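# Descriptive structure summary
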Amino acid sequence: MAPSPLPLPDRSGGEHARYQQFWLDKTGCKPASILLTRGCPFHCDFCSKPVFGDVFRTRSVAKIMDEIDDIKRYGYDQLWIADDCFTLDGAFLEEFCRSLLLSRAGITWTCLARPDGLTDGAIRLMRSAGCVKIYMGLESGDNETLRLMNKKTTVEIGIRAVHKLHDSGIKVGGFFIVGYPGETKDSPEKTFSLALS
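Here the residue numbers are simple positions, counted from 1 along each chain's written sequence. Reporting in this predicted model follows two pLDDT cut-offs: at least 70 for local features of residues, and 80 or more for side-chain atom pairs to be given and counted; totals over whole chains, interfaces and linings ignore these cut-offs and use all residues. Hydrogens and water molecules were not included; the side-chain quantities draw on all heavy atoms of the structure.

### What about the overall build of the protein?
Working definition: helices are DSSP H or I runs of at least four residues, strands are E runs of at least two. Numbering for both runs from the N terminus. Tallying secondary structure elements over the protein gives seven helices and seven strands in all. Traced from its N-terminal end to its C-terminal end, the protein shows the element sequence α-β-β-β-α-β-α-β-α-β-α-α-β-α. Computation of the radius of gyration draws on C-alpha atoms alone. For the globule rule, the value is 2.2 Å times the number of residues to the power 0.38. Taken against the 2.2 N^0.38 rule, which gives 16 Å for 197 residues, the C-alpha radius of gyration of the protein at 18 Å falls within 12% of a compact globule. Across its three principal directions, the C-alpha atoms of the protein cover 50 × 45 × 35 Å. For the protein, buried positions account for 39% of its 197 residues. Note on areas: these come from Shrake-Rupley sampling with a 1.4 Å probe, and a residue is covered only by the protein chains present in the view. As displayed, the protein offers around 11,200 Å² of accessible surface, 56% of which is attributable to carbon and sulfur atoms. The charge count treats Lys and Arg as positive and Asp and Glu as negative. His and the chain ends do not count. The atoms used to mark charge sites are NZ of Lys, CZ of Arg, CG of Asp and CD of Glu. Between the centroid of the 25 positive side chains of the protein and the centroid of its 25 negative side chains there is a distance of 3 Å. Only protein chains enter the accessibility calculation, which uses a 1.4 Å probe; a residue is then buried when its area is under 20% of its type maximum, exposed when over 50%, and partly exposed in between.

What follows is the structure in structure tokens.
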């Protein structure tokens, strides 16, 4: 027998007005966090992903839309999609974006994404569905350090993704690690240079 789906998070006890005012003063919007997927098949050496495990799985888009309606009911106007691998499954990403467009939810959102796998079509669809910013774990400006991290991507892939997102009108935030075990003295300078660029 399959387990029953988890109920919607109970947000009834939150101090929504204070929380929203804090973010409104800082960013001009009122974001609420949401998780749409669980798990990560990658094995980056530094990550805390064992919380959700190696198996990537998605939630029902219909249930996600119910949760978004609930979030909006509390007065939030933006989503912070906090998943490690939200953009990993292209079909799921497309279904989510199209459902948002059909619902006319009128809510913007930000998310995390790996720099690899973001196709031009996915980026256009995400933008039209309300995505305003993507945070990427670029981690380093040095390919050898990325190899040490077991990141399974390259500096060049990250740079291409940043340019594609910028050209689409989606803002980009980058995460970087400096002082990684095994880095050479030159590696942090490459990372600083990439971050500043």
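Now, onward.
### Brief notes about the environment of Ala113
Structurally, the position occupied by Ala113 is in strand 5 (residues 108–113). The buried category is assigned to Ala113, whose relative accessible area is 5%. Separated by 84 residues in the primary sequence, Ala113 and Cys29 place their C-alpha atoms 21 Å from one another. Residues count as neighbours in contact if any of their non-hydrogen atoms are within 4.5 Å of one another. For Ala113, the contacting residues outside a window of four places in its chain are Thr87, Leu118, Ile134, Tyr135, Met136 and Gly137.

### Some remarks on the pattern of salt bridges
Think of a salt bridge as a Lys or Arg side-chain nitrogen and an Asp or Glu carboxyl oxygen that are within 4 Å of each other. On inspection of all chains with the given rule, the structure shows 10 salt bridges. Where Arg18 meets Glu15, a salt bridge forms, and the shortest distance between an N and an O atom there is 2.8 Å. Between Arg147 and Glu144 there is a salt bridge, and its shortest N-O distance comes to 2.5 Å. On the criterion of helical spacing, the pair formed by Arg147 and Glu144 is a turn pair, its members being three residues apart in helix 5 (residues 143–149). Members of the salt-bridge network, linked through shared partners, are Arg11, Arg59 and Glu67.

### Some remarks on a nonpolar patch on the surface
There is a patch of nonpolar side chains on the surface, built from Val178, Phe192 and Leu196 and spanning about 330 Å² of accessible area. Residue classification places Leu196 among the exposed positions, given a relative accessible area of 78%. Put simply, a patch holds well-exposed residues, over 30% relative accessible area, that have no salt bridge, with like charges counted together within 9 Å and Val, Leu, Ile, Met, Phe, Trp or Tyr side chains within 5 Å.

### Overview of unusual backbone geometry
When glycine is set aside, most residues are seen to have a negative phi, and most peptide bonds are trans. Its identity is not glycine, yet Asn150 carries a phi of approximately 60 degrees, on the positive side. Checked against the element boundaries, Asn150 lands in the loop between helix 5 and helix 6 (155–168).

### Let's talk about the side chain of Ser187
Here Ser187 shows up in helix 7 (residues 186–196). Discounting chain neighbours no more than four positions away, the residues touching Ser187 are Ser140, Asp142 and Thr145.

### A short note on helix 4 (residues 120–128)
Taken residue by residue, helix 4 has Ala122, Ile123, Leu125 and Met126 as its buried positions. Seen from one end, helix 4 has its buried residues packed into an arc of 165 degrees, which puts them on one side. Just downstream of helix 4, Gly130 is the residue with a positive phi angle, here 110 degrees. Working definition: the arc comes from the directions between the helix axis and the C-beta atoms, pointing outward to the latter.

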